[in-house]
Amino acid sequence: MDFKKSLKNPAEAFDSPQAVFDHSDLSNQQKIELLQQWRYDELETEVADQENMGGDKPDKLGEINNLLLELEDKS
């Protein structure tokens, strides 16, 4: 897995935020960076949805935020 490439679009590199959390080859800091990027991407999608420009995607923000809290507690 190429971390830098995955960081550009975590949703493309991983099936779910949980898959990032469970990935054994990533450090906690890398997982946090990936999930923070994924959260940013989701927030951007949410803004587009509010402006009627986005598609129908499931909301992953809650899951991402919970996983980030768990990782930050471990750090």
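1. Some thoughts on the overall build of the protein
Tallying secondary structure elements over the protein gives five helices and zero strands in all. Helices and strands appear in the protein in the N-to-C order α-α-α-α-α. Here the protein, with 75 residues, has 27% of them falling under the buried criterion. Carbon together with sulfur atoms contributes 44% to the accessible area of the protein, which is approximately 5,000 Å² in total.

2. With respect to the packing of aromatic side chains
Given two aromatic rings, their pairing is described by the distance between the two centres and the angle made by the two planes. Taken as a whole and judged by the stated rule, the model has zero aromatic pairs. One Lys or Arg, Lys-31, reaches over the ring of Phe-21 and ends 5.8 Å from the middle of that ring.

3. As for the side chain of Ser-6
Here Ser-6 shows up in helix 1 (residues 3-8). Here Ser-6 falls in the buried class, since its relative accessible area comes to 5%. Setting aside chain neighbours within four positions, we find Ser-6 in contact with Met-1, Ala-13, Phe-14 and Leu-34.

4. Brief notes about helix 5 (residues 61-74)
Taking 1.5 Å of rise per residue, the 14 residues of helix 5 would be expected to cover 20 Å, and the 20 Å separating its terminal C-alpha atoms lies within 8% of that figure. Turning to helix 5, its buried residues are Leu-61, Ile-64, Leu-67, Leu-68 and Leu-71. Down the axis of helix 5, the smallest arc covering the buried residues is 130°, so these residues share one side. Residues Asn-66 and Asp-73 are exposed on helix 5 and point more than 90 degrees away from its buried face.

5. So, the nonpolar core
With 13 residues, the main nonpolar core has Phe-14, Val-20, Leu-26, Leu-34 and Leu-35 as its most contacted residues. For this core, the secondary-structure elements that each account for two or more residues are helix 3 (17-22), helix 4 (28-50) and helix 5. Contact partners of Leu-35, with chain neighbours within four places excluded, come to Pro-17, Val-20, Ile-64, Leu-67, Leu-68 and Leu-71.

6. A few points about the side chain of Lys-31
Mapping Lys-31 onto the fold places it in helix 4. Here Lys-31 occupies a buried position and makes no salt bridge, while the nearest side chain of opposite charge, Asp-22, is found at 6.7 Å. Excluding anything up to four places from it in sequence, Lys-31 contacts Val-20, Phe-21, His-23, Leu-26 and Leu-71.

7. Brief notes about the environment of Gln-30
Among the structural elements, Gln-30 can be located in helix 4. Overall, the relative accessible area of 24% leaves Gln-30 in the partly exposed class. In the structure, Gln-30 is positioned 10 residues away from Val-20 in sequence and 9.2 Å away in space, judged by C-alpha atoms.

Rules and cut-offs
- Residues numbered from 1 in each chain as written.
- Predicted model: local features only at pLDDT ≥ 70, side-chain atom pairs only at ≥ 80, totals over all residues.
- Heavy atoms only, no water.
- Helix = DSSP H or I, 4+ residues; strand = E, 2+ residues; numbered from the N terminus.
- Buried < 20%, exposed > 50% of the residue type's maximum accessible area, 1.4 Å probe, protein only.
- Areas by Shrake-Rupley, 256 points an atom, 1.4 Å probe, with all protein chains shown as cover.
- Phe/Tyr/Trp six-rings, centres within 6.5 Å; stacked < 30°, edge-to-face > 60°.
- Lys NZ or Arg CZ within 6 Å of the ring centre and 35° of its normal.
- Contact = heavy atoms within 4.5 Å.
- Expected span 1.5 Å × (residues − 1).
- Arc of directions from axis to C-beta.
- Core = buried A, V, L, I, M, F, W, Y, C linked by side-chain atoms within 4.5 Å.
- Lys, Arg positive; Asp, Glu negative; His and termini not counted.
- Salt bridge = Lys/Arg side-chain N within 4 Å of Asp/Glu carboxyl O.

That's the geometry; what it means functionally is another story.
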